[in-house]
Amino acid sequence: MHWLTAVISAFLLSACTKDAPLNFLHPEGPSAVESDRIWDLVFAIAVVVFVLVEGALVFVLFRYRQRSDKDAPRQVHGNTRLEIAWTIIPVLLLIGVAVPTVGGIVRQSAEPPADALRIDVIGHQWWWEYRYPDEDVITATDLHIPTGRAVYLSITSGDVIHSFWVPKLAGKQDAVPGRINPLSMKADRPGKYLGQCAEYCGLSHANMRLTVYAHDPADFDGWVENQKAVPAVPGDPLAARGRQLFLEGKCAGCHTIEGTNAKGQTGPNMTHFASRTTFAGSMFEVTDENLRLWLEDPPGRKPGSKMPNLKLPEDDILALVSFLQSLK
Ligand code: CUA
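Quick caveat: nothing in here was measured; it's all calculated off a predicted structure. (Residues numbered from 1 in each chain as written. Predicted model: local features only at pLDDT ≥ 70, side-chain atom pairs only at ≥ 80, totals over all residues. Heavy atoms only, no water.)

A. Representation of the packing of helix α2 (residues 30-63) against helix α3 (residues 80-108). It is at 11 Å that the axes of α2 and α3 come closest, and there the two elements cross at 170 degrees. One element, α2, and the other, α3, form an angle in the roughly antiparallel class. Residue-level contacts link Ser 31, Glu 34, Ser 35, Ile 38, Leu 41, Val 42, Ile 45 and Val 49 of α2 to Leu 93, Gly 96, Val 97, Pro 100, Thr 101, Gly 104, Arg 107 and Gln 108 of α3. Residues of the contact of α2 with α3, tallied by class, amount to eight nonpolar, six polar and two charged. (Axes fitted to C-alpha atoms, helices over the stretch in contact; angles between N-to-C directions. Helix = DSSP H or I, 4+ residues; strand = E, 2+ residues; numbered from the N terminus. Parallel < 35°, antiparallel > 145°, perpendicular 65-115°, else oblique. Contact = heavy atoms within 4.5 Å. Nonpolar A, V, L, I, M, F, W, Y, C, P; charged D, E, K, R; others polar.)

B. Quick look at the pairing of strand β5 (residues 151-157). Across the seven residues of β5, seven count as buried, placing the element largely inside the fold. The two faces of β5 match: Val 151, Leu 153, Ile 155 and Ser 157 on one face and Tyr 152, Ser 154 and Thr 156 on the other face are all buried. One ladder, built from seven bridges, connects strand β1 (residues 117-124) with β5; its direction is parallel. Opposite Ile 119, over in β5, you have Leu 153 as the bridge partner. When β5 meets strand β8 (residues 181-185), the two strands line up antiparallel, connected through five bridges. Within β8, the residue paired with Ser 154 across the bridge is Pro 182. (Buried < 20%, exposed > 50% of the residue type's maximum accessible area, 1.4 Å probe, protein only. Pairing = 2+ DSSP bridges.)

C. Local environment of the pattern of salt bridges. Enumeration over the complete set of coordinates arrives at ten salt bridges. Two residues, Asp 316 and Arg 241, come together in a salt bridge whose shortest N-O distance is 3.0 Å. Taken as a pair, Asp 316 in helix α9 (residues 314-324) and Arg 241 in helix α5 (residues 237-248) lie far apart in primary sequence, 75 residues in all. Given the relative accessible area of 16%, Asp 316 is considered buried. Here Glu 289 makes a salt bridge to Arg 292, at a shortest N to O gap of 3.0 Å. Residue Glu 289 and its partner Arg 292 are located together in helix α7 (residues 288-296), separated by three residues, close to a single helical turn. Since its relative accessible area comes to 41%, Glu 289 is described here as partly exposed. Residues joined in a network through salt bridges with shared partners are Glu 289, Arg 292, Glu 296, Arg 301 and Glu 314. (Salt bridge = Lys/Arg side-chain N within 4 Å of Asp/Glu carboxyl O.)

D. How the structure looks around the pairing of β1. Among the eight residues of β1, six are classified as buried, and the element is accordingly described as predominantly covered. Note: β1 against strand β2 (residues 127-132), five bridges, orientation antiparallel. Counted as the bridge partner of Val 121 is Tyr 130 from β2.

E. Summary view of the packing of aromatic side chains. In the structure shown here, the tally under the stated rule is ten aromatic pairs. Consider the rings of Trp 39 and Phe 43, whose centres lie 5.0 Å apart with planes at 5 degrees: the pair is stacked. Residue Trp 39 and its partner Phe 43 are located together in helix α2, separated by four residues, close to a single helical turn. A ring pair is formed by Tyr 132 and Trp 223, whose centres lie 5.4 Å apart and whose planes are at 55 degrees; its orientation type is tilted. In this pair, Tyr 132 sits in strand β2 while Trp 223 sits in helix α4 (residues 217-228), placing the two residues 91 residues apart along the sequence. Among the residues examined, Trp 223 registers a relative accessible area of 10% and is labelled buried. An aromatic cluster is defined as three or more aromatic residues linked by ring pairs; in this entry it consists of Phe 273, Phe 279, Phe 284 and Trp 294. Of note, Arg 63 hangs over the ring of Tyr 64, and the distance from its end group to the ring centre comes to 5.1 Å. Between Lys 172 and the ring centre of Trp 165, over which it is positioned, the NZ or CZ distance is 4.6 Å. (Phe/Tyr/Trp six-rings, centres within 6.5 Å; stacked < 30°, edge-to-face > 60°. Lys NZ or Arg CZ within 6 Å of the ring centre and 35° of its normal.)

Listed below in structure tokens is the structure:
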């Protein structure tokens, strides 16, 4: 059995390495650091309680086990002092846990500083949409933020309940239809941070991932400038044909491309699709091959995908891939 324990432990503990993308024990921003400190405190208290309670249990099991019919322990009923003690001690412990926890919740949902970057986050089955109201930018899947600046997320959902979670930057926040839940985060260093929907939301819940890119402020401004521009009409004939297919076919009914008649709101905004690194809920990297496979059969690649199989001819798929890749 030891080998089985070792194998299972190896799998479980591999999630604890510093580089594990969803490991909240190695926070990289002040909001996540605060959550981590509270976690450390609660964990320490829990360990002490566990050792004392289990220790007492094991002690009683051995000390008072029945050795023969004669040595049954003295039978007692009730002990007022003991009962008061084991009522008061847990109350004190819970207060000790509640004060920093509630304080943390209040601080993390407080109004942000005036210079905070505001982003509206909308959960969809099964991808994340981001709207930057002050920058007039709408994007999906990859979230871009500047380093060293407070980011204030207003989180909601377009369909069912989701939960937005980027463990290294902040705690979880539910995305509930008809409600706006706040979440503050800040990244200390540039980098790539992975996230995952943390509330079961249907068939592709596990495939509802996201990637956060934290940039130096100047790089972030550059990213915003690029997102605000209307993408150039491609000169390449294949891409141009893809553009025509997109705008005149079914694509435009569900997707928006700024500066064109494609104004659909069901699927992700595609204006600068090729500037993203991943698509379909961060499930696939943006490559020609992955896009081709996706367009052939979206629900076959991602269970439950709201994008139907349009039974596109191979020629059309290649043209559409070429067009999508031109949307830098
Ligand atoms: Cu969205 Cu789970």
